[in-house]
Amino acid sequence: MNLILIRHGETDWNRTGRCQGVSDIVLNQNGRKQVRELANSLRNEKISAIYSSDLKRAYETARQIASHHRLPVKVDADLREMNQGEFEGLEFEEIKERYAHILKKWREDPEKLVLPKGESLSQVQERVWEYFEKVLKKHEGETIVIVSHNLAIVTLLCKITGLGLKSFRHFDLQASCKNLIVCERGEIKIKELNNLSHLTPMATIP
């Protein structure tokens, strides 16, 4: 199976550095431009299925890709971003001011820390990996697309590479990036990471 794993296009909250999580924020103008370019770069791929988080920013990204392939978008809440609880809607400076003690724990042991009224990275990794294994069995020998979110994708990449979740900051995934995961003969390899070659320079997040 070839899995084209995509982070959704840009939103206003991405642009301003506001914590997004499971808040259902739509793409902004630049994000819509990004996903048109992204979809165009995939128009000649022989894609068998397209899966997406049920959040609007991911679904809109997936729907744009699907428009070139006459395929439905299959949505699932298991592909959602990490629920960041009380952090959601706050800018990073506000989080530092209000939750300095939580951020200290986040830096020291992000794997197990459950954010206030939210999730831990381990919980996110568990649900995303379970979903990945399910589609892997279903689409052997095919090319599929999954559209998800930054931390959801990063936890999957940590699992594939064997890196612990403490290393999640090593991955810097930009809006509308493509990541190619190839699964063959029992091996899972990352062939492309954070590919932005399909985007015009002005479409990337500064």
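What counts as what
Residues numbered from 1 in each chain as written. Predicted model: local features only at pLDDT ≥ 70, side-chain atom pairs only at ≥ 80, totals over all residues. Heavy atoms only, no water. Helix = DSSP H or I, 4+ residues; strand = E, 2+ residues; numbered from the N terminus. Buried < 20%, exposed > 50% of the residue type's maximum accessible area, 1.4 Å probe, protein only. Contact = heavy atoms within 4.5 Å. Arc of directions from axis to C-beta.

Asker: Mind showing me how you'd approach unusual backbone geometry here?
Answerer: Glycine aside, the phi torsion of most residues is negative, and most peptide linkages are trans. Positive phi values are uncommon outside glycine, yet S176 reaches one of about 65°. The residue S176 is located in the loop between helix 7 (150-161) and strand 5 (178-184) in this model. The exposure class of S176 is buried, given its relative accessible area of 0%. Despite not being glycine, N194 shows a phi value in the positive range, around 55°.

Asker: Hey, could you run me through the side chain of S148 in this one?
Answerer: Structurally, S148 is set in strand 4 (residues 143-148). In contact with S148, not counting residues within four places along its chain, are I6, R7, H8, L79 and I153.

Asker: In this structure, what is going on with helix 5 (residues 100-108)? I would like to understand it.
Answerer: An α-helical turn contains 3.6 residues, so any two residues separated by three or four positions project in the same direction. Among all positions of helix 5, only I102, L103 and W106 are buried. One side of helix 5 holds all its buried residues, which, seen down the axis, span an arc of 100°. Of the surrounding elements, those touching the buried residues of helix 5 are helix 4 (92-98) and helix 6 (121-138).

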